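If you want the building blocks of each chain, they are given just below.
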Amino acid sequence: MTANAPALKKKRHNRMPMLAQAGPVSIWMILFVTIPMLFIIYISFMSRGTFGGVEYTPTTESYATLMDATYFKVILKSLEVALITTGACLLLGYPFAYYIARKPPEVASKLITLLMIPFWTNSLMRLNAWMLLFQTNGPVNNFLQAIGLTEAPITFIYTPGLVLLGLITNFLPFAVLPMYSSIEKLQKSLLEASADLGATPRTTFLKVTLPLTFPGIFSAIILTFIPALGTYTVTDMLGGGKVLYIGNIIKNQFGAIRNWPLGAALSVLLLVITALLIFLYTRFAKIDDLEVL
Amino acid sequence: MPNSIVSLQHVEKWYGNNHVVKDMNLEIQEGEFLTLLGPSGCGKTTTLRMIAGFEDASSGSILVQGERVEDKEPFQRDVNTVFQNYSLFPHMTVFDNVAYGPTIRKMPKEEIREKVMEMLALVQMDGYEKRKPDALSGGQKQRVAIARALINNPRVLLLDEPLGALDLKLRKQMQVELKRLQKKLGITFVYVTHDQEEAMTMSDRIAVMRNGVIDQLGSPVEVYERPRTKFVADFIGESNVIDGTVESVDGQTIVVKTAGGTVTTVGEGFAAGDPICLSIRPEFLEVSKTPVAGFDMPARIKDFIYAGSVVRTSIDLVGGQEIKLSRFEMDSSLSEGEAVYVWWDPAKSVAIHVEKAAEEVAE
Ligand SMILES: Nc1ncnc2c1ncn2[C@@H]1O[C@H](COP(=O)(O)OP(=O)(O)O)[C@@H](O)[C@H]1O
Ligand SMILES: [Mg+2]
């Protein structure tokens with residue numbers, strides 16, 4: 001333990017000039033991130049105006065509403081969907097990221113570009129494309145009927161399954177990128193050393209590859225779980241608003257229903273979950289590894 | 001070959017059109033310290049990696065303990081490697097790094113603990129078991145890497161320039177330690193280096209490699225005193241290599257005509273007209289102020305350089321070649337620019353067949 005102390009001290013020394021350089025960035029952060037955030041927190045503790053908007057009398061009413069069974073269910077449901085999305089993105093994304101990372105750099109950069117193309121297209125267009133593909137007379141149903149898998153068309157539109165598909169494809173690039181960058185950094189000679197010492201490929205994966213690419217995995221979790229928890233476009237369009245998620249409610253409270261304090265309280269909940277995840281991350285991984293974020 | 005623990009038979013390696021290892025044949029004896037020595041890019045690492053199983057030979061066979069290993073994955077081979085960049089697992093402590101092999105083989109915990117401690121003591125790293133590799137110096141990392149390999153009781157330890165990243169002083173110290181360790185444990189070491197001094201200090205036998213071919217295999221004394229090719233003469237230690245043509249042969253005595261003059265020396269298997277190359281070490285070169293019988297090599301002293309314990313004298317031959325003479329003490333009777341006559345004891349020079357050397361490479 002004592003042996004690590006000097007190393008830590010050295011790191012802190014290096015950090016000082018970096019903070020100084022970050023001056024302009026800090027101002028930017030305060031202006032555009034911290035102040036709006038503080039404002040949201042402030043509003044969440046205010047009352048709802050009679051005709052919408054905010055009445056500036058302090059109350060914790062919004063937070064009490066969140067504990068209400070209906071909202072609580074929505075929160076749980078949202079967490080569940082975000083969790084499944086994240087899990088699927090990790091399971092699909094890791095092998096893909098691994099595959100790309102083991103290709104020569106020229107090929108890898110092309111594959112990454114391919115991966116990012118959907119991300120650069122308008123998200124409404126992408127979601128509409130999914131709707132077209134999966135509608136009752138759409139190509140997917142036609143195909144399934146043509147090969148005789150089903151007699152009558154299957155209803156995909158507005159099902160939780162399609163919502164999940166939309167979420168997973170939407171967030172997959174964000175999961176792949178940080179994991180790719182972690183795997184790419186992994187020295188091949190470490191895998192060779194492991195094999196040399198008698199480890200089968202499976203053992204090498206579990207004992208060397210996985211722990212050393214954990215920073216990328218965690219970044220992928222943060223980059224998919226948090227937006228998946230807050231999204232409303234995907235759930236609105238592909239789910240048809242049949243099932244409500246946190247994101248939909250926040251949008252509705254700020255929009256149609258005009259209960260800003262409740263919307264703000266829900267946003268604060270998302271913030272707390274995010275902060276908790278990042279806190280966990282910094283506890284378990286070295287701070288230096290945060291660079292992949 | 002009953003005693004050879006590793007055997008390379010007609011091993012070839014191609015990377016695309018790049019012929020990296022050419023028809024290599026090598027018998028490595030049980031318990032010996034064998035060094036693959038050669039300039040960068042000559043195929044040393046590739047050869048080692050084929051033995052370890054990280055690369056497949058394009059053709060030929062590799063045997064470890066008499067068994068062909070082509071179909072064995074690295075984790076199935078009874079050899080261990082010490083990598084040049086150490087390749088310690090950065091997320092594990094020194095203890096866990098060294099315990100890696102035995103843990104995988106499911107050795108009981110208590111036994112692992114005992115063995116790890118024993119190994120760390122062996123490489124003088126006891127007390128560091130809780131550190132992470134990040135908190136170790138280069139030399140310390142190398143010791144841990146060696147312990148991590150040795151704990152598996154390999155029959156053969158492969159080392160790829162293990163001291164390459166260390167500073168000179170530490171390198172010299174580790175050379176001695178490694179050699180002692182190898183003697184003590186009796187494990188076969190196959191050691192790769194491009195540093196001929198390191199090879200001379202540590203090895204039982206040296207395989208001098210050039211362009212994927214072993215030019216000469218022999219003890220350090222053999223390759224130093226009896227280089228078989230011009231390349232070996234040049235690469236091992238310092239040598240004056242003088243090209244010429246055999247003018248006449250009388251038994252073992254040959255007269256060689258060079259650009260710098262004619263010399264009478266000894267050599268076997270030469271005929272008049274053969275191209276030849278004479279190698280003479282700086283410490284065996286002599287100069288005289290008057291002509292010496294058998295040598296017609298007038299020259300001029302260029303300068304003196306003090307290099308620690310020795311004085312090096314540069315001498316210009318007729319025709320422009322510069323040769324070197326080294327002595328422990330300066331000959332005060334000589335001065336820069338002075339005209340002298342070069343000679344040497346014919347038994348101290350090595351006559352190398354030039355065409356034969358070329359054939360060996362092409363073989
Ligand atoms: N993986 C590889 N792919 C293609 N060429 C390689 C590879 N590894 C080594 N080479 C080539 O093989 C030759 C020998 O390399 P190497 O065995 O590493 O030499 P040394 O260890 O003696 O310096 C070099 O020309 C090198 O460029
Ligand atoms: Mg090499």
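Below is a short write-up of the structure. Residue positions within a chain follow its written sequence, with the count starting from 1. Think of it this way: whatever chain is written first is A, whatever ligand is written first is 1, and the rest follow in order. Reporting in this predicted model follows two pLDDT cut-offs: at least 70 for local features of residues, and 80 or more for side-chain atom pairs to be given and counted; totals over whole chains, interfaces and linings ignore these cut-offs and use all residues. Calculation of side-chain values draws on the structure's entire complement of heavy atoms; hydrogens and water are dropped beforehand.

1. Describing the sheet that holds strand β6 (residues 79–82) of chain B
Residue and element names in this part refer to chain B. Pairing between strands is defined by DSSP: at least two bridges between the two strands are required. Numbering of helices and strands starts at the N terminus; helices are DSSP runs of H or I of at least 4 residues and strands are runs of E of at least 2. Spatially, β6-β7-β8-β3-β9-β10 is the arrangement adopted by the 6 strands of the open sheet, whose pairing is mixed. Every other strand in the sheet has two partners, leaving β6 and β10 (213–218) as the edge strands with one partner each. Strand-to-strand, the axes of this sheet are offset by a mean angle of 20°, without reference to chain direction. By the bridge criterion, 5 bridges tie strand β9 (residues 205–210) to β10 in an arrangement that is antiparallel. Within β10, the residue paired with Val-208 across the bridge is Gln-216. Contacts: residue pairs with any heavy atoms within 4.5 Å of one another. Angles shown run from 0 to 180 degrees and are taken between the N-to-C directions of axes, each axis being a line fitted to C-alpha atoms and, for helices, limited to the stretch in contact. Sheet strands touched by helix α4 (residues 138–150): β6 and β7 (156–160). Its angle to β6, the strand with the most contacts, is close to 175°. Relative to the sheet, helix α5 (residues 168–185) contacts β3 (33–37), β7 and β8 (188–193), its axis offset from that of β8 by approximately 155°.

2. Looking at the interface of chain A and chain B
Contact with chain A, which involves 22 residues of that partner, is made by 26 residues of chain B. By definition, the buried area sums, over both parts, the 1.4 Å-probe accessible area that each loses when the two are put together. Carbon and sulfur atoms make up 61% of the surface buried where chain A meets chain B, a total of about 1900 Å² over both sides. Whenever a carboxyl oxygen of Asp or Glu lies within 4 Å of a side-chain nitrogen of Lys or Arg, that contact is scored as a salt bridge. For the pair chain A and chain B, the number of links is 1 salt bridge. Between Glu-192 of chain A and Arg-49 of chain B there is a salt bridge, with the nearest N and O atoms lying 2.8 Å from each other. Here a polar contact is taken to be a pair of N or O atoms separated by no more than 3.5 Å, where protein atoms must pair a possible hydrogen donor with a possible acceptor and residues adjacent in sequence count only if both atoms sit in side chains. Counting across the interface, chain A meets chain B through 9 residue pairs in polar contact (both at pLDDT 80 or more). Among the secondary structure elements, those contributing two or more residues to the side of chain A that touches chain B are α9 (188–196) and α10 (201–212) of chain A. Classifying every residue of the side of chain A that touches chain B gives 10 nonpolar, 8 polar and 4 charged. Residues are grouped as follows: Ala, Val, Leu, Ile, Met, Phe, Trp, Tyr, Cys and Pro are nonpolar; Asp, Glu, Lys and Arg are charged; every other residue, Gly included, is polar.

3. Side note on the site of ligand 1
All names here are of chain B. Residue proximity to a molecule or strand is established when one non-hydrogen atom of the residue lies within 4 Å of it. In the vicinity of ligand 1, the residues found are Tyr-15, Asn-18, Val-20, Pro-39, Ser-40, Gly-41, Cys-42, Gly-43, Lys-44, Thr-45 and Thr-46. Between Cys-42 and ligand 1, the recorded distance is 3.2 Å, taken from a backbone N or O atom to an oxygen atom. Shrake-Rupley sampling with a 1.4 Å probe provides the accessible areas, and residues are treated as covered by the protein chains on show and by no other component. Protein burial of ligand 1: of its 560 Å² of free accessible surface, 59% is covered by the chains. Sorting the residues of the shell around ligand 1 by element identifies β2 (18–29) and α1 (44–52) as the ones contributing at least two each. Looking at which element gives the most residues to the shell around ligand 1, the answer is α1, with 3 residues. Residues of the shell around ligand 1, tallied by class, amount to 4 nonpolar, 6 polar and 1 charged.

4. Describing a nonpolar patch on the surface
All names here are of chain A. Among the surface-exposed residues, Val-25, Ile-27, Trp-28, Met-29, Ile-30, Leu-31, Phe-32, Val-33, Ile-35 and Met-37 lie close enough to one another that they form a single nonpolar patch of about 960 Å² accessible area. Here Leu-31 shows up in helix α2 (residues 23–44). A residue is classified by how much of its surface remains accessible, and Leu-31, at 48% relative accessible area, is partly exposed. Two joining distances apply to patches: 9 Å for like charges and 5 Å for nonpolar side chains (Val, Leu, Ile, Met, Phe, Trp, Tyr), and every residue must have over 30% relative accessible area and no salt bridge. The buried label goes to any residue with under 20% of its type's maximum accessible area, the exposed label to any with over 50%, and the partly exposed label to all in between, with areas taken from a 1.4 Å probe on protein chains only.

5. What about the nonpolar core?
Residue and element names in this part refer to chain A. By convention a nonpolar core is built from buried Ala, Val, Leu, Ile, Met, Phe, Trp, Tyr and Cys residues, the set being connected through side-chain atoms within 4.5 Å. Formed by 55 residues in total, the largest nonpolar core has its most connected members in Ile-100, Met-179, Tyr-180, Phe-225, Leu-229, Leu-238 and Ile-246. Counting only elements with at least two residues in this core, the list comes to α4 (69–101), α5 (105–120), α6 (123–134), α8 (160–185), α11 (214–230), α12 (233–239), α13 (246–254) and α14 (260–284). Among the elements that make up this core, the one with the highest residue count is α4 (12 residues). Residue contacts for Leu-229: discarding those within four places in its chain leaves Ser-78, Leu-79, Ala-82, Ile-246, Gly-247, Leu-270 and Ile-273.

6. Remarks on the pattern of salt bridges
Counted by the stated rule, this structure contains 21 salt bridges over all chains. The shortest N-O distance in the salt bridge between Arg-171 of chain B and Asp-195 of chain B comes to 3.4 Å. Linking Arg-171 of chain B in helix α5 with Asp-195 of chain B in the loop between β8 and α6 (196–202), this pair joins segments that are 24 residues apart in sequence. For the residue pair Arg-171 of chain B and Asp-195 of chain B, the accessibility class agrees, reading buried in each case. In this structure, the salt-bridge partner of Glu-322 of chain B is Lys-324 of chain B, at a minimum N-O distance of 3.1 Å. Within this structure, Glu-192 of chain A together with Lys-13, Arg-49 and Glu-55 of chain B form a network of salt bridges that share partners.

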